[in-house]
Structures are given as C-alpha cells and as structure tokens.
Amino acid sequence: MTEPRQEFERDLESIEGKVIELFAMVAEDLPNATAALLSGGDDEVLAQLIERDQAIDALYREVEQLVNREILLQNPVAADLRFLLSVLRIVPELERSHDLVVHIATRANHIFSDDLSVRARRLVGGMGDLAASMWRQAADAWYQRDRSAAKVLSERDEELDELHASLIAELASGQMSVPVTMEMTLGARDYERLGAHAVNIARRVVYLAGSAD
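Here we summarise the structure given alongside this text. (Residues numbered from 1 in each chain as written. Predicted model: local features only at pLDDT ≥ 70, side-chain atom pairs only at ≥ 80, totals over all residues. Heavy atoms only, no water.)

Across its full length, the protein carries 6 helices and 0 strands. When its helices and strands are written in sequence order, the protein yields α-α-α-α-α-α. The principal-axis extent of the C-alpha atoms belonging to the protein is close to 70 × 35 × 20 Å. Counting only residues that meet the buried cut, the protein has 47% of its 213 residues in that class. When contacts within the protein are restricted to residue pairs at least 6 apart in sequence, those whose partners lie at least 24 apart make up 87%. Carbon and sulfur atoms provide 50% of the accessible area of the protein, an area that totals close to 10,500 Å². (Helix = DSSP H or I, 4+ residues; strand = E, 2+ residues; numbered from the N terminus. Buried < 20%, exposed > 50% of the residue type's maximum accessible area, 1.4 Å probe, protein only. Contact = heavy atoms within 4.5 Å. Areas by Shrake-Rupley, 256 points an atom, 1.4 Å probe, with all protein chains shown as cover.)

This part is about helix H2 (residues 43-74). An ideal rise of 1.5 Å per residue puts 46 Å on 32 residues; H2 measures up with 46 Å between its terminal C-alpha atoms. All buried positions along H2 are accounted for by Val 45, Leu 46, Leu 49, Asp 53, Ile 56, Asp 57, Leu 59, Tyr 60, Val 63, Leu 66, Val 67 and Glu 70. The inward-facing, buried residues of H2 abut helix H1 (3-39) and helix H3 (78-107). One or two steps after H2, the chain reaches Asn 75, where phi turns positive at roughly 50°. (Expected span 1.5 Å × (residues − 1).)

Grouped together as the largest cluster of nonpolar side chains are 67 residues, with contacts concentrated most on Val 19, Phe 23 and Trp 135. Looking at this core, the elements that each hand over two or more residues are H1, H2, H3, helix H4 (118-144), helix H5 (149-171) and helix H6 (178-208). Ranked by residues supplied to this core, first place goes to H1 with 14 residues. Apart from residues no more than four positions distant in its own chain, Phe 23 is found in contact with Ile 90, Leu 94, Trp 135, Ala 138, Ala 139, Trp 142 and Ile 201. (Core = buried A, V, L, I, M, F, W, Y, C linked by side-chain atoms within 4.5 Å.)

The next point concerns the packing of aromatic side chains. This model, assessed by the stated rule, comprises 3 aromatic pairs. For the ring pair Phe 23 and Trp 142, a centre distance of 6.2 Å and an interplane angle of 35° mean the geometry is tilted. Separated by 119 residues along the polypeptide, Phe 23 in helix H1 and Trp 142 in helix H4 bring together distant segments of the chain. Look at Phe 23 and you get buried, because its relative accessible area is 2%. A relative accessible area of 0% means that Trp 142 is categorised as buried. Relative to Trp 142, the ring of Phe 83 has its centre 6.3 Å away and its plane inclined at 40°; by these criteria the two rings are tilted. Taken as a pair, Phe 83 in helix H3 and Trp 142 in helix H4 lie far apart in primary sequence, 59 residues in all. Among the aromatic residues, those joined into a cluster by ring pairs are Phe 23, Phe 83, Trp 135 and Trp 142. The lysine or arginine in question, Arg 82, covers the ring of Tyr 207, its NZ or CZ lying 4.8 Å from the ring centre. Taking NZ or CZ as reference, Arg 145 lies 5.0 Å from the ring centre of Trp 142, over its face. (Phe/Tyr/Trp six-rings, centres within 6.5 Å; stacked < 30°, edge-to-face > 60°. Lys NZ or Arg CZ within 6 Å of the ring centre and 35° of its normal.)

Our focus in this paragraph is unusual backbone geometry. For Asn 75, which is not glycine, the phi torsion reads 50° and is therefore positive. Its place among the elements puts Asn 75 in the loop between H2 and H3. Residue class for Asn 75 comes out exposed when judged on its relative accessible area of 60%. Positive phi, normally seen in glycine, also occurs at Ala 78, with a value near 55°. Note on placement: Ala 78 falls in helix H3.

With that out of the way, let us pick up the packing of H1 against H2. Direction vectors running N to C along H1 and H2 enclose 155°, while the axes themselves pass 10 Å from each other. Taken together, the axes of H1 and H2 are roughly antiparallel relative to one another. The handedness of the crossing between H1 and H2 comes out as left-handed. A breakdown of the residues in the contact of H1 with H2 according to their chemical character gives 14 nonpolar, 2 polar and 9 charged. (Axes fitted to C-alpha atoms, helices over the stretch in contact; angles between N-to-C directions. Parallel < 35°, antiparallel > 145°, perpendicular 65-115°, else oblique. Left-handed = near helix turned anticlockwise from the far one by under 90°. Nonpolar A, V, L, I, M, F, W, Y, C, P; charged D, E, K, R; others polar.)

Another aspect to go through is the packing of H1 against H4. In the contact formed by H1 and H4, the axes pass within 10 Å of each other and the chain directions differ by 170°. Regarding the angle of H1 to H4, the classification is roughly antiparallel. Two secondary-structure elements touch here, H1 through Glu 16, Val 19, Ile 20, Phe 23, Val 26, Ala 27, Leu 30, Pro 31, Thr 34, Leu 37 and Leu 38 and H4 through Arg 121, Val 124, Gly 125, Gly 128, Ala 131, Ala 132, Trp 135, Arg 136, Ala 138, Ala 139, Trp 142 and Tyr 143.

Written out as structure tokens, the structure reads:
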C-alpha cells in the first residue's frame, strides 16, 4: 500500500470516528432530555445539553470540511466516495437531531411534572424510551453497516407514530392547561421527528453498504 493511500485511509478513519462521536452524543443525551421533561425541568441537565450542542455544531462543521477536502484532494471512487457522500448526508441530520433533544429539555422549563396527566406522562416516557432505543439502533447500524436496520426502524417508527397519536388525543382531552398542552404538543412532535431522522439515517446505511435495493 502506498503512503498516500495509507494517509487517505487514516483520514477516513478519523472522519468515521468523529461521526460515531456525533451519534453517541445524540443517543446519550436523549434519555437525559426525557428525564428532565418528566421531572419538570433540570437547569443543570439543560446547561450540559446546550454545551454539548455547541460541541456538536463545531464537530459537524469540522466533519463537513474534512469530507469536502478529501473529495477535492483525493478524487475518491467507489466505496470511498460512497462513504464520504453518506457522511455529508447524515451529519446534518445528526446536528438537527441534537437540536431536537435540546428543545425537549427546554420545554421542561415551561411545565411542572404535576401538570401532566398520568396517561400523558406514561406516553411521553414511552416515546422517549422508544426514540432513544431507535437512536441506539441507528448508531449500531451505521457502525456495523447493517442494511437490515432500515426495515426494522421503519416498523419501530410506526410504533412511535402510534404513541404520538395517543399522546395528542390525551392532550386534546382538556385535562391539562392550554400552555402545557401546547408545550407537550410541540414536544411530541420533537420525538416524532427524532424517529424520522433515525429512519433516514438507517436508509442511508443501505446506500453506504452498497445495496442495490
């Protein structure tokens, strides 16, 4: 193997490591945001999430610059180009997904835990658990180049949609105040979008893995 090729492969490994780091931050922070929401807010958690979001923004820009440089300087083909293009497509979704995580935690500052009905709390907890599990699976799919994850995550996303519909119905029952209902409606939408991003990433893995599907 020539020295330029070895250097190129080291650069690809570095990019892969940074992408996995982005995955980890989204997957790790989502359960914390849900816990903050259900507990009626946690300023310390929110501050940590905002700090992490700034780190993610910086890492996202760094990854994009690295990928664009490799495409320009190395003129990659085949599998290498497939990898670099896949990274360019998923890092914006990773960045936007962590924004949603921060939004969820921020909404906790506008409600108290006692403001939610018992059923609403259960449904929010269910959405949070399922979305977090989907993100862990999306991260594993990327790392393992698992084509089968796209179908599984699509099915799990349907479960998330069902929980979302149930929560919206509960919020529309009139048991909670209008401000709480509005905040939780937006929070439910955040979870739904997180699920959609996880599915989109898993579908990118199908392309990355070289499937002809």
